Amino acid sequence: MEIQPVKGTRDFYPEDMAKRNFIADLWKQVSLRNGFAEYDGPIFEYLAMYQLKSGDEIASQLFAFEDRGGRQLAIRPEITPTLARMVNQRINALPRPIKWFSVPRLCRAERPQKGRLREFFQWNIDIIGVDDCLADAEVIFCSVDFLSQAGLTNNDVVVRISSRRLMAALLGYFGIEKEGLEKVYGVLDKKNKVPQEAFGKMLEEVISDSSKRQKVQKLMAVESLSQLEDFAGSDKNANQAIEELKQLFNYLNIMGISEFCKFDIGIVRGLAYYTGIVFEIYDKSEQLRAICGGGRYDNLLADFGGQKISATGMGMGDCVLGIVLEEKGVFKNLSQKNGIEYFVALADESLQNESLKVVTRLRRAGRKADFSYKGGSLGKQLKQASAANAAMCVILGEEFTQKKQLVIKNMDSGQQDIVAVEDFFSRLG
Ligand code: HAM
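These figures come from a predicted structure and were not determined experimentally. (Residues numbered from 1 in each chain as written. Predicted model: local features only at pLDDT ≥ 70, side-chain atom pairs only at ≥ 80, totals over all residues. Heavy atoms only, no water.)

So what exactly am I meant to see when it comes to the pattern of salt bridges here?
Opposite charge on two side chains permits pairing when their charged atoms draw close. Per the stated rule, a full pass over the model turns up 26 salt bridges. Glu45 is the salt-bridge partner of Arg85, the closest N and O atoms lying 2.8 Å from each other. Of the two residues, Arg85 sits in helix 4 (residues 80-89) while Glu45 sits in strand 2 (residues 44-46), which places them 40 residues apart along the sequence. Relative accessible area serves as the criterion here: at 25%, Arg85 is assigned to the partly exposed category. A single network of salt bridges, built from pairs that share partners, joins Glu57, Asp189, Lys190, Lys193, Arg269 and Glu280. (Salt bridge = Lys/Arg side-chain N within 4 Å of Asp/Glu carboxyl O. Helix = DSSP H or I, 4+ residues; strand = E, 2+ residues; numbered from the N terminus. Buried < 20%, exposed > 50% of the residue type's maximum accessible area, 1.4 Å probe, protein only.)

What exactly am I supposed to notice about the packing of helix 7 (residues 181-188) against helix 8 (residues 196-206) here?
Each pair of packed helices can be summarised by the angle the axes make with each other and by the distance between the axes. Between helix 7 and helix 8, the shortest axis-to-axis distance is 9 Å and the interhelical angle comes to 180°. What the angle tells us is that helix 7 and helix 8 run roughly antiparallel. When helix 7 is examined against helix 8, the residues Lys183, Val184, Val187 and Leu188 are found in contact with a partner set consisting of Phe199, Met202, Leu203 and Val206. Grouping the constituent residues of the contact of helix 7 with helix 8 by class yields seven nonpolar, no polar and one charged. (Axes fitted to C-alpha atoms, helices over the stretch in contact; angles between N-to-C directions. Parallel < 35°, antiparallel > 145°, perpendicular 65-115°, else oblique. Contact = heavy atoms within 4.5 Å. Nonpolar A, V, L, I, M, F, W, Y, C, P; charged D, E, K, R; others polar.)

So what exactly am I meant to see when it comes to the environment of Val206 here?
Residue position: Val206 is located in helix 8. In this structure, the C-alpha to C-alpha distance between Val206 and Leu181, residues 25 residues apart in sequence, is 9.0 Å. Those residues within four positions of Val206 in sequence are excluded, and the remaining contacts are Lys183, Val184 and Val187.

How should the sheet that holds strand 2 be read in this particular structure?
Where strands meet in a sheet, backbone hydrogen bonds hold them as pairs that are either parallel or antiparallel. If you trace the three strands from one edge of the open sheet to the other, you get 2-4-3, paired in antiparallel fashion. What marks the edges here is a single partner per strand, and that holds for strand 2 and strand 3 (64-66). On average, each strand axis in the sheet is inclined to that of its neighbour by 35°, with strand direction left out of account. Examined bridge by bridge, strand 2 and strand 4 (residues 72-75) share three bridges and lie antiparallel to one another. Each bridged residue has a counterpart across the sheet, and for Glu45 the counterpart in strand 4 is Ala74. (Pairing = 2+ DSSP bridges.)

Explain the site of the ligand here, please?
Taken together, 26 residues lie around the ligand, and Glu78, Thr80, Leu117, Asp126 and Tyr274 are the ones closest in. In this structure, an oxygen atom belonging to the ligand sits 2.9 Å away from a side-chain N or O atom of Gln122. Arg269 is positioned such that a nitrogen or oxygen atom in its side chain is 2.8 Å from an oxygen atom of the ligand. The fraction of the free accessible surface of the ligand (660 Å²) that becomes covered by protein chains is 96%. When atoms are counted within 2 Å of each cavity's grid points, the one that captures over half of the ligand is the largest pocket. Elements with a minimum of two residues in the shell around the ligand: strand 7 (119-128), strand 11 (292-296) and strand 12 (311-317). Looking at the shell around the ligand residue by residue, the class counts come to 11 nonpolar, nine polar and six charged. (Near = heavy atom within 4 Å. Polar contact = N/O pair within 3.5 Å; in protein donor to acceptor, adjacent residues only side chain to side chain. Areas by Shrake-Rupley, 256 points an atom, 1.4 Å probe, with all protein chains shown as cover. 1 Å grid on protein atoms, 1.4 Å probe; cavity = no way out; pocket = protein on both sides within 12 Å on 5 of 7 lines; lining within 4 Å. Sits in = over half its atoms within 2 Å of the grid points.)

It is not clear to me how the packing of aromatic side chains should be interpreted in this structure. Could you clarify?
Both the distance between ring centres and the angle between the ring planes are used here to describe each pair of aromatic rings. This model, assessed by the stated rule, comprises 12 aromatic pairs. When the ring of Phe424 is compared with that of Phe425, the centres are 5.1 Å apart and the planes differ by 70°; the resulting orientation is edge-to-face. On the basis of relative accessibility, which here comes to 8%, the residue Phe425 falls in the buried class. An aromatic cluster is built from Trp27, Trp123 and Phe146, whose rings are joined through pairwise contacts. If you follow Arg20 out to its NZ or CZ, it ends over the ring of Phe12, 4.5 Å from the centre. The ring of Tyr185 has Arg164 sitting right over it, with the charged end atom 4.2 Å from the ring centre. (Phe/Tyr/Trp six-rings, centres within 6.5 Å; stacked < 30°, edge-to-face > 60°. Lys NZ or Arg CZ within 6 Å of the ring centre and 35° of its normal.)

Just to check I follow, could you spell out the state of the cysteines for this structure?
Two cysteines joined by a covalent bond between their sulfur atoms form a disulfide. Within the structure shown, the criterion is met by zero disulfides. The thiol sulfur of Cys133 is not disulfide-bonded, and the nearest other cysteine sulfur, from Cys261, lies at 13 Å. Cys292 takes part in no disulfide bond, and the closest cysteine sulfur to it belongs to Cys142, at a distance of 10 Å. (Disulfide = S-S within 2.5 Å.)

Functional significance is not addressed by these values, which are geometric in nature.
Shown next, in the form of C-alpha cells:
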C-alpha cells in the first residue's frame with residue numbers, strides 16, 4: 001500500500017527545512033530586537049475556547065476531537081486565545097506592558113490553495129496593556145522590520161490599515177444593529193476577496209434594508225482618510241476613530257515606514273474579537289492572500305474571564321510569505337550558507353585514520369565538517385564535496401605523509417594553499 005501525505009500538509013526535506021529555518025530564525029531575531037519575549041502553549045486546547053470568540057470561519061475549520069475522557073478538544077487554529085488564557089492566569093504577576101512573541105504550528109481545515117494549507121507556522125507578536133495606538137504602530141513596525149530584513153521593499157509589499165472601531169461607529173450611525181455587526185464584519189472582510197457580484201449578494205443576506213445597504217456600499221468605496229469625514233458627520237465615535245487612525249499614520253511616519261502603509265476601508269478582518277485598528281499586509285502582485293493580519297482586541301481577555309485589558313498584535317503565516325520570498329530570490333544562496341565548511345578528502349587510503357582525526361578536530365573546533373564514507377579517487381571525493389556545497393576541501397596527500405601538511409582547496413575559486421597541520425588548526429582558533 002502506498003501511503004500518501006495528508007492533503008494540505010507539507011513534508012520538509014532538508015532544502016525545505018533550510019527555508020523554514022531561515023524564516024523562523026529571522027522571525028525570532030526581529031522579535032527580540034523589537035523587545036518581545038518568547039512564549040508557547042499546548043497544541044490542543046478545549047474546543048469551546050475557539051468557539052467562544054474566534055468567529056464562525058475559524059470555528060468551521062477546526063480539527064476537533066474527543067479524548068478518552070470524553071473532553072471536547074481542538075488542535076489550535078491560532079494562538080491568540082491561548083495567549084489571552086495564559087496572560088489572564090498570571091495577570092497580577094506579569095510586568096506590563098506584556099510584549100510577547102511565538103511561532104506556533106497551527107492547523108485549520110481550510111480548502112488547500114496557493115498560500116493556504118491545513119498545517120502551517122505562524123509568527124505572532126502581541127502587546128498587552130497599552131491603550132494607545134503607539135502599540136499598534138509598533139506591531140506594524142515590527143512586521144515591516146521583518147519583511148525589510150528578509151529583503152522586501154515597499155515595491156513588494158503594502159500594509160493595508162483600517163479600524164473596526166471606525167466601522168462599528170459608522171455602521172451604528174447608519175442604523176445597523178449592534179447584534180448583527182459580527183456577521184456584517186464577516187461579509188465586509190470578503191470585499192477584496194470575492195467577485196463584486198458575490199459580495200453584493202452576501203451583503204444582501206446580512207443587511208436586508210436596501211437604503212442601509214447602499215450607504216455601506218458607498219462607504220466601502222472610500223479611498224482615503226479625508227473622504228471619511230463626510231461619512232462621519234458629527235458622530236463622536238466615528239470622528240474619534242478617524243483621529244486615532246490619523247495619529248497611527250503619524251507614528252508610522254515618525255518610525256519611517258509610511259511608504260509601506262495605506263489606509264484601506266476594505267480591511268475588516270475575519271476574526272470576531274477585533275475592536276480597533278486592524279491591518280493586513282499583501283504582496284503587490286495582488287494575486288495572493290494576505291501575508292499577515294492583525295489588530296487591536298481590547299475585550300478578549302475580559303471575554304475569557306479576566307480583567308479588561310487592551311491588547312494588539314498580529315499573525316504572519318509562512319506560506320504566502322514563502323512564495324513571495326522565493327519569487328524575490330531570497331532563498332537562492334541558502335544551500336551555500338547552510339553547506340559544509342570543510343570537506344576532508346584523502347589522496348591515499350592509508351591516510352584514512354589521519355583524515356578522521358582531522359575531521360574530528362574540525363568538528364570539535366565548531367566547524368561544519370564532513371568526509372566521504374566511500375572514499376575512492378580524489379576526483380570522486382571532490383565531486384561529493386561540491387554536492388555537499390562545501391566551501392573548502394582539506395586534502396591529505398603526499399604533503400601530509402612527508403611533511404604533515406594539508407592542501408586547502410577553495411571550492412569556489414579553485415585556489416589551493418599548503419599549510420602545516422598545526423598552523424591550520426591554530427588559525428581556526
Ligand atoms: P488570521 O488572519 O486568521 O489571524 O491569520 C493571520 C495570518 O496567518 C494570515 O494572514 C496568514 O499569513 C496565516 N494563515 C492563516 N490561515 C492560514 C492557512 N490556512 N494556511 C497558511 N497560512 C495561514 C490570526 O490568526 C490572529 N490570531 C492574528 C493575531 C495575533 N491577531 C492579534 N494577534
